[in-house]
Amino acid sequence: MTKAAPEKEKAKTAALADQIRAGDRRALARAITLIESTKPGHAEESEALLEALLPDSGNSVRIGITGVPGVGKSTFIECFGLQLVEAGHKVAVLAVDPSSKVSGGSILGDKTRMEELSRHPGAFIRPSPTGGTLGGVARRTREAMLVCEAAGFDVILVETVGVGQSETAVSEMVDIFLLMLLPGGGDELQGIKKGIVELADAVIVNKADGDLAAAAERAAAEYHAALGLLRAANPDWRPPVLRCSALTGAGVAEVWETVQAHRRVMEASGARAARRAAQAGAWMWSEIRDGLLRRFKAHPRVAGELDSLEAEVRAGRTTPTAAARRLIGLFQGE
Ligand SMILES: Nc1nc2c(ncn2[C@@H]2O[C@H](COP(=O)(O)OP(=O)(O)OP(=O)(O)O)[C@@H](O)[C@H]2O)c(=O)[nH]1
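Quick caveat, the model's predicted, so the values are computed rather than measured.

Engineer: I tried to follow helix α14 (residues 320-331) on my own but got confused; where do I start?
Structural biologist: Count 3.6 residues to each turn of an α-helix, and residues three or four apart come out pointing the same way. Compared with an ideal rise of 1.5 Å per residue, which puts 12 residues at 16 Å, α14 spans 16 Å between its outermost C-alpha atoms and is within 8% of the ideal. The set of residues buried in α14 consists of Ala323, Leu327, Gly329 and Leu330. Looking down the long axis of α14, one finds its buried residues gathered within 160° of arc, a one-sided arrangement. Residues Thr321 and Arg325 are exposed on α14 and point more than 90 degrees away from its buried face. The elements touched by buried residues of α14 are α12 (271-298) and α13 (300-314). Taken from the residues just after α14, Gly333 is the one with a positive phi, measuring 75°.

Here you go:
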């Protein structure tokens, strides 16, 4: 296939951007597929599209949500999302799950999850991009978020499986980060990595219903006490501990109230704008790091010596510093 003339490409991108701004869901899905594509040429196309849509992005509340498998995230998102779309909001659900390898096999790929929400015209659910590094998956999710905003979605939910480093990546792309916990015993909090608890802007104890209601109340009090011992990330906001039942819907509206209260507080102090600005800056640096590393590894002279020098370092025959200096020198054409 011959490469289309630049003008033709530009017109195509402009048309796609217009369709997205008009809220065309198929165009939105197509744009996200383009963002996720690794085919040659698609990176430039998707960059141009994002550039065009950037002024239309940003008008949403970006909510991150995490919790161990089985805590009830998808049941909660279904319930929470339905309440919001019924109130007239447009809700997009995205996911960061670097472990998902197979298309459709990712955490949101299962059709039984969020069944009613996924059929609602006010909702858009997109599984995690498949495969790749956490950095790559996070980048594509961030970009998908911008496109959803340009398409008029005013609530973006970014879900992550509660394992490993993806929580940090998600907390770095949202306005508010929710940690969902089970009504377990007091030592449950110890099982969650401390770093993750510190990222939380609110803790939600789910399954506060039936036989578990009393346990949930106890757990909430314990989490409240435990959180009080942590230094608050923001002096104006002390992370609250809420209880809800994603199954019955009790307490779910209060989660939305908390999201709005958090937004008011953060906007009033300027912390929201500062957080977004810092996130954009950090995103740029991570792009620079990734891009440089890719070029470095692909550089013919570096590639020619990388393995042998690494082996030398591992064997203790040369120092890491000397090896790195030599490789960087090769990269710079010295
Ligand atoms: N009693 C009760 N059960 C719930 C509640 N929310 C979810 N569950 C149940 O808990 C189980 C797990 O719920 P999911 O929503 O699939 O949990 P998840 O966190 O999305 O789990 P993964 O898909 O593994 O990430 C299901 O059997 C739900 O029916 C709740 O509020 N109360």
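Having seen it, we continue.
Engineer: Help me understand the pairing of strand β2 (residues 91-96), please; the structure alone is not making it clear to me.
Structural biologist: If a strand is regular, its side chains alternate between the two faces of the sheet. Of all the 6 residues making up β2, 6 are buried; the element is thus mostly covered by neighbouring parts of the structure. Burial along β2 is two-sided: the residues Val91, Val93 and Ala95 and Ala92, Leu94 and Val96 are all buried. In this sheet, strand β3 (residues 123-125) lies alongside β2 in parallel orientation, the contact comprising 3 bridges. The residue of β3 that forms the bridge with Val93 is Ile125.

Engineer: When you look at the site of the ligand in this model, what are you seeing that I'm missing?
Structural biologist: Around the ligand lies a shell of 15 residues, among which Lys73, Ser74, Thr75, Asp209 and Ala246 are the nearest. A distance of 2.6 Å separates a nitrogen atom of the ligand from a polar side-chain atom of Asp209. One of the side-chain N or O atoms of Ser245 is found 3.4 Å from an oxygen atom in the ligand. Here the ligand loses 69% of its free accessible area of 640 Å² to cover by the protein chains. Its residues assigned to classes, the shell around the ligand comprises 5 nonpolar, 6 polar and 4 charged.

Definitions and limits used
Residues numbered from 1 in each chain as written. Predicted model: local features only at pLDDT ≥ 70, side-chain atom pairs only at ≥ 80, totals over all residues. Heavy atoms only, no water. Helix = DSSP H or I, 4+ residues; strand = E, 2+ residues; numbered from the N terminus. Expected span 1.5 Å × (residues − 1). Buried < 20%, exposed > 50% of the residue type's maximum accessible area, 1.4 Å probe, protein only. Arc of directions from axis to C-beta. Contact = heavy atoms within 4.5 Å. Pairing = 2+ DSSP bridges. Near = heavy atom within 4 Å. Polar contact = N/O pair within 3.5 Å; in protein donor to acceptor, adjacent residues only side chain to side chain. Areas by Shrake-Rupley, 256 points an atom, 1.4 Å probe, with all protein chains shown as cover. Nonpolar A, V, L, I, M, F, W, Y, C, P; charged D, E, K, R; others polar.

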